[in-house]
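The primary structure of each chain is shown beneath.
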Amino acid sequence: MKKLYLVLFLTPMMSALAQEPPEVTAQQFVNLQQGENAHEGFRRAHAKGICLSGEFRSNGQLASYSKTALFETGSMSFIGRFSVAGNNPTAPDLKAPVRSLALSFAMSSTEQWRMAMNTPPVMAVKDPHTFYQQIQAIQAGPKAIQAFFTEHPESSEFLSWKAQYQPSGSFAAETYNSINAFYLVNSNGEKQAVRWAMQPTVSVSADHLEGVDALHQEITNRVAKENIVFDWVFTLANDADDENNPTKAWPDSREQITAGQIVITGVTPQLQGECHGINYDPLVLPTGIEATRDPILRARSAAYAESYRRRAKEALMAELEGRGNE
Ligand code: HEM
């Protein structure tokens, strides 16, 4: 009798466990991403980048959806970073498959919003364990990644995006996507699931662009002449959309609201800039913005902290040894 109870009790638990993909630790992620020879003192992913300063000019259109002060009409400064994907801080800009923008806003001494966005609008996979396998396949080479995508039909939207993507000639001319969804929460406690994109206001051809640091040089020259402006556009989910699945784009027919403009007014080499000391953890959120249950968000937060811990420790050791951060 006792045995029967045990079986009845354990079977549903075990089948639930069987459906969950195994956990990947932050250490495992960062070990894999940094590769065999870590570049000490640098981010273990998106290692090559440049610090940005500027401000968000809010038009007030999103104020009724979220109680964050950022969306009231007015402006707020940020510390940002453009980067290219990869673990090598001296890799050629134009070889990177993904370009990125990260922003950090300080609403007060205790409240910040940090975000890190990429050029693809969706991920190829929807859970941390499968993402880990995707990185393993990328590192194993073209045959392995092709086999991986064949085994993962959920990557189809990512692959369609990749097939048509034409890299531009400037960080200023890319679209940067939140990919993961978040909730806007207003003062009545109403929640709206959203994704967002920073949409460029210039188009720049990649013809004639060359050199290892082509994008970094281009953006440095550009910002010396003009501000770099993006429209911050939110897409509102409806009940048919799954906010916890970053592999599926929401239909084009969904309502979109432009919250204002991101205006970049200055750039600084990353080792001298303020962005170097910031961990753009996507779960650092102000009142009025909340995380969804998308498991990728938690994995990101843990991995960014581990990467930050390693690079901060290395930078400190280098300083103590009088080496600086070369
Ligand atoms: C499980 C999935 C992911 C893992 C494990 C991961 C891991 C990492 C790590 C370890 C870093 C370095 C953090 C640091 O030292 O500051 C990083 C940076 C970054 N990641 Fe991810 N990432 C994931 C998914 C994503 C997604 C979906 C996006 C885009 C929406 C993204 C965008 C970025 C950007 C833009 C940076 C650079 C931020 C900066 O400039 O400091 N990552 N990622």
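Here the structure is a predicted model, which means the values were calculated and not measured. (Residues numbered from 1 in each chain as written. Predicted model: local features only at pLDDT ≥ 70, side-chain atom pairs only at ≥ 80, totals over all residues. Heavy atoms only, no water.)

Right, let's talk about the overall build of the protein for a bit. If you tally the helices and strands in the protein, you get seven helices and 10 strands. Taking all 326 residues of the protein together, the buried fraction comes to 47%. Excluding contacts between residues fewer than 6 apart, the proportion of contacts in the protein whose partners are at least 24 apart in sequence is 75%. As displayed, the protein has an accessible area near 16,700 Å², and 52% of this comes from carbon and sulfur atoms. (Helix = DSSP H or I, 4+ residues; strand = E, 2+ residues; numbered from the N terminus. Buried < 20%, exposed > 50% of the residue type's maximum accessible area, 1.4 Å probe, protein only. Contact = heavy atoms within 4.5 Å. Areas by Shrake-Rupley, 256 points an atom, 1.4 Å probe, with all protein chains shown as cover.)

Below, the discussion takes up the environment of arginine 300. Turning to its location among the elements, arginine 300 is positioned in helix H7 (residues 295-320). In this structure the C-alpha to C-alpha distance between arginine 300 and serine 205, which are 95 residues apart in sequence, comes to 32 Å. Other than its neighbours up to four places away in sequence, arginine 300 contacts Ala116, Ser178, Asn180 and Pro282.

Ile145, Phe148 and Phe149 are the residues of helix H4 (residues 142-151) that are buried. Buried positions in H4, seen along its axis, are confined to an arc of 95° and lie on one side of it. For H4, exposure combined with an orientation more than 90 degrees from the buried face picks out Lys143, Gln146, Thr150 and Glu151. On the buried face of H4, the contacting elements are helix H3 (128-140) and helix H5 (156-164). (Arc of directions from axis to C-beta.)

For the ligand, the set of nearby residues contains 26 residues, the closest of which are Arg43, Arg81, Tyr304, Ser307 and Arg311. Contact between the ligand and arginine 43: an oxygen atom at 2.5 Å from a side-chain N or O atom of the residue. At a separation of 2.5 Å, an oxygen atom of the ligand approaches a polar side-chain atom of serine 307. Contributions of two or more residues to the shell around the ligand are made by helix H2 (26-34), strand E3 (99-106), strand E4 (112-118) and H7. The leading source of residues in the shell around the ligand is H7, at eight residues. (Near = heavy atom within 4 Å. Polar contact = N/O pair within 3.5 Å; in protein donor to acceptor, adjacent residues only side chain to side chain.)

What follows covers H2. Of all the residues in H2, the buried ones are Ala26, Phe29, Val30, Leu32 and Gln34. Against the buried residues of H2 lie H3 and H7. Two residues or fewer past H2, glycine 35 is found with a positive phi of approximately 75°.

A word on the packing of aromatic side chains. This structure, assessed with the given rule, holds 24 aromatic pairs. Centre to centre, the rings of tryptophan 161 and tyrosine 165 are 4.6 Å apart; their planes meet at 25°, and the pair counts as stacked. With respect to burial, tryptophan 161 and tyrosine 165 carry one shared label: buried. Ring pairing ties together the aromatic residues Phe56, Phe71, Phe78, Phe105, Trp113, Phe182, Trp196, Trp232 and Phe234, which thus form one cluster. (Phe/Tyr/Trp six-rings, centres within 6.5 Å; stacked < 30°, edge-to-face > 60°.)

Let us look at the environment of tryptophan 232. Within the element layout of this structure, tryptophan 232 appears in strand E8 (residues 228-236). Residues tryptophan 232 and isoleucine 257, spaced 25 residues apart in sequence, show a C-alpha to C-alpha distance of 8.5 Å.

Closest axis-to-axis distance for the H2/H3 pair is 10 Å, and the angle between their directions is 20°. Classed by the angle they form, the pair H2 and H3 counts as roughly parallel. Relative to H3, the crossing made by H2 is left-handed. Contact residues: Gln28, Phe29, Leu32 and Gln33 in H2; Pro128, Phe131, Tyr132, Ile135, Gln136 and Gln139 in H3. Tallied by class, the residues present in the contact of H2 with H3 amount to six nonpolar, four polar and no charged. (Axes fitted to C-alpha atoms, helices over the stretch in contact; angles between N-to-C directions. Parallel < 35°, antiparallel > 145°, perpendicular 65-115°, else oblique. Left-handed = near helix turned anticlockwise from the far one by under 90°. Nonpolar A, V, L, I, M, F, W, Y, C, P; charged D, E, K, R; others polar.)

A positive phi is found at isoleucine 179, a non-glycine position, where the angle reads about 60°. Examined against the element boundaries, isoleucine 179 turns out to sit in the loop between strand E5 (176-177) and strand E6 (182-185). In the Ramachandran plot, histidine 208 falls in the positive-phi region, its phi being about 70° despite a non-glycine side chain. Here histidine 208 shows up in the loop between strand E7 (191-200) and helix H6 (214-225). Since its relative accessible area comes to 80%, histidine 208 is described here as exposed.

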